[in-house]
Amino acid sequence: AQSVTQLDSHVSVSEGTPVLLRCNYSSSYSPSLFWYVQHPNKGLQLLLKYTSAATLVKGINGFEAEFKKSETSFHLTKPSAHMSDAAEYFCVVSALKAAGNKLTFGGGTRVLVKP
Amino acid sequence: DAGITQSPRHKVTETGTPVTLRCHQTENHRYMYWYRQDPGHGLRLIHYSYGVKDTDKGEVSDGYSVSRSKTEDFLLTLESATSSQTSVYFCAIGGGLDNEQFFGPGTRLTVL
C-alpha cells in the first residue's frame with residue numbers, strides 16, 4: 001500500500017521569498033517520488049523526480065526536493081518565488097508492479113504568490 | 001503535452017446519457033492511464049492499459065469502462081453518466097524505467 005500526504009492545502013508567499021511545500025509518503029516498496037505542477041486550466045507538468053539516485057533532486061524552474069527516508073518526506077523548495085510559480089503542486093508516489101506503475105497523488109497544495 | 005491529445009476538451013451532457021472520451025498518443029508508449037481530478041483529491045486512477053486489449057481497474061473504476069484497440073488510442077466510456085461523474089479527466093502515458101507519466105491537457109465533463 002502507498003499513500004501521500006501534502007501537509008498544506010494552501011501556501012501564500014511574497015515574490016522573492018522562499019517557497020516550501022511539504023510532503024510525507026508511505027510505501028511498502030522503495031518508492032519513486034515526483035512533484036508535478038498544474039497551472040490554471042492546464043495539464044500536469046513534471047517538475048522533478050526521485051528514483052533512488054541522489055537524495056537531493058533538482059528540477060525545472062529552480063525547484064529542488066530532498067528525499068529523507070528516515071522522515072518519509074519529500075519536501076519541495078525554491079529559494080525565491082516568482083509570480084509565475086502561482087499554481088497547484090502535487091506530490092506523487094509510485095509503486096512498481098508487474099503490470100505497470102501506478103501513481104498515488106497527494107491532495108495538492110495551491111500556491112499564491114503576492115507581489 | 002508529450003504528444004498526447006484528448007477529445008473533446010469540454011463536454012456538457014445530461015444524466016443517463018452515454019459519454020466517450022478519447023485519448024490519442026503519438027509516443028508509442030505501452031502504458032496509458034485515465035484519471036479524474038476533483039478538488040482536494042488530487043488525481044485518482046480510473047483504469048489503465050498495459051497494451052492493446054489489456055486493461056485493468058484503478059481505485060475509482062465503478063461506472064466507467066475502457067477500451068484499447070490500437071496502441072495510440074485509449075477510450076473511456078461512461079455508460080450512463082451521473083452527476084457524481086462531473087470532473088476533469090486526464091489521460092496519461094508512461095511506464096518507462098523511471099516510472100514517470102506524461103499527462104494530456106484534460107477534458108472537463110459536466111453532467112447535469
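Residues numbered from 1 in each chain as written. Chains lettered and ligands numbered in written order. Predicted model: local features only at pLDDT ≥ 70, side-chain atom pairs only at ≥ 80, totals over all residues. Heavy atoms only, no water.

Participant: Is there a simple way to think about the pairing of strand S12 (residues 109–114) of chain A in this case?
Facilitator: For a regular strand, side-chain orientation follows a simple rule: the groups alternate between the two sheet faces. Residues and elements named next belong to chain A. Where burial is concerned, the two faces of S12 differ: the one with Thr-109, Val-111 and Val-113 is buried and the one with Arg-110, Leu-112 and Lys-114 is not. Looking at chain direction, strand S2 (residues 10–14) and S12 are connected through 5 bridges and run parallel. Along S12, the bridge assignment pairs Ser-14 with Lys-114. (Buried < 20%, exposed > 50% of the residue type's maximum accessible area, 1.4 Å probe, protein only. Helix = DSSP H or I, 4+ residues; strand = E, 2+ residues; numbered from the N terminus. Pairing = 2+ DSSP bridges.)

Participant: When you look at the nonpolar core in this model, what are you seeing that I'm missing?
Facilitator: The tendency in soluble globular proteins is for nonpolar side chains to be buried as a group. Ranked by size, the top nonpolar core spans 26 residues in total, and within it Leu-21, Trp-35, Leu-47, Leu-48, Phe-74, Leu-76 and Tyr-89 of chain A carry the most contacts. The leading source of residues in this core is strand S10 (residues 87–97) of chain A, at 4 residues. Grouped together as the second largest cluster of nonpolar side chains are 19 residues, Leu-21, Met-32, Val-60 and Tyr-89 of chain B included. (Core = buried A, V, L, I, M, F, W, Y, C linked by side-chain atoms within 4.5 Å.)

Participant: Help me understand the side chain of Asp-85 of chain A in this model?
Facilitator: Residue and element names in this part refer to chain A. On the secondary structure map, Asp-85 appears in the loop between strand S9 (73–78) and S10. Given the relative accessible area of 5%, Asp-85 is considered buried. A polar contact of 2.8 Å, which involves the side chain of Asp-85, links it to the backbone nitrogen of His-82. When residues no more than four places from it in sequence are discounted, the contact partners of Asp-85 are Phe-63, Lys-78, Ser-80, Val-111 and Val-113. (Polar contact = N/O pair within 3.5 Å; in protein donor to acceptor, adjacent residues only side chain to side chain. Contact = heavy atoms within 4.5 Å.)

Participant: Just to check I follow, could you spell out the state of the cysteines for this structure?
Facilitator: Here, disulfide denotes a covalent bond that connects the sulfur atoms of two cysteines. Residue and element names in this part refer to chain A. Inspection of every chain in the model, using the stated rule, returns 2 disulfides over all chains. What pairs with Cys-23 in a disulfide is Cys-91, and their sulfur atoms sit 2.0 Å apart. A torsion of -70° about the S-S bond marks the disulfide between Cys-23 and Cys-91 as left-handed. Taken together, the residues span a long stretch of sequence, with Cys-23 in strand S4 (residues 23–27) and Cys-91 in strand S10 at a distance of 68 residues. With a relative accessible area of 0%, Cys-23 lands in the buried category. (Disulfide = S-S within 2.5 Å.)

Participant: When you look at the pattern of salt bridges in this model, what are you seeing that I'm missing?
Facilitator: A pair can form between side chains of opposite charge whenever their charged atoms are brought close. Applying the stated rule across the entire model yields 9 salt bridges over all chains. When the shortest N-O distance is used, the salt bridge between Glu-88 of chain A and Arg-110 of chain A registers 3.0 Å. Here Glu-88 of chain A is found in strand S10, whereas its partner Arg-110 of chain A is found in strand S12, with 22 residues between them in sequence. Under the relative-accessibility criterion, Arg-110 of chain A is labelled partly exposed at 43%. A salt bridge links Asp-73 of chain B to Arg-22 of chain B; its shortest N-O distance comes to 3.1 Å. You can see Asp-73 of chain B sitting in strand S8 (residues 73–78) and its partner Arg-22 of chain B sitting in strand S3 (residues 19–25), a full 51 residues away along the chain. In this structure Arg-22 of chain B comes out as partly exposed when scored by relative accessible area, which is 34%. (Salt bridge = Lys/Arg side-chain N within 4 Å of Asp/Glu carboxyl O.)

Participant: Sorry if this is basic, but what is going on with the sheet that holds S3 of chain B here?
Facilitator: Hydrogen bonding along the main chain pairs the strands of a sheet, whether they run parallel or antiparallel. Residues and elements named next belong to chain B. Reading across from one edge, S1-S3-S8-S7 is the order of the 4 strands in this open sheet, with antiparallel pairing throughout. Because the sheet does not close on itself, it has two edges, and the strands there are strand S1 (4–7) and strand S7 (64–70). Each adjacent strand pair in this sheet contributes to an overall mean axis angle of 20°, direction not counted. Bridging between S3 and S8 involves 6 bridges; their strand directions are antiparallel. (Axes fitted to C-alpha atoms, helices over the stretch in contact; angles between N-to-C directions.)

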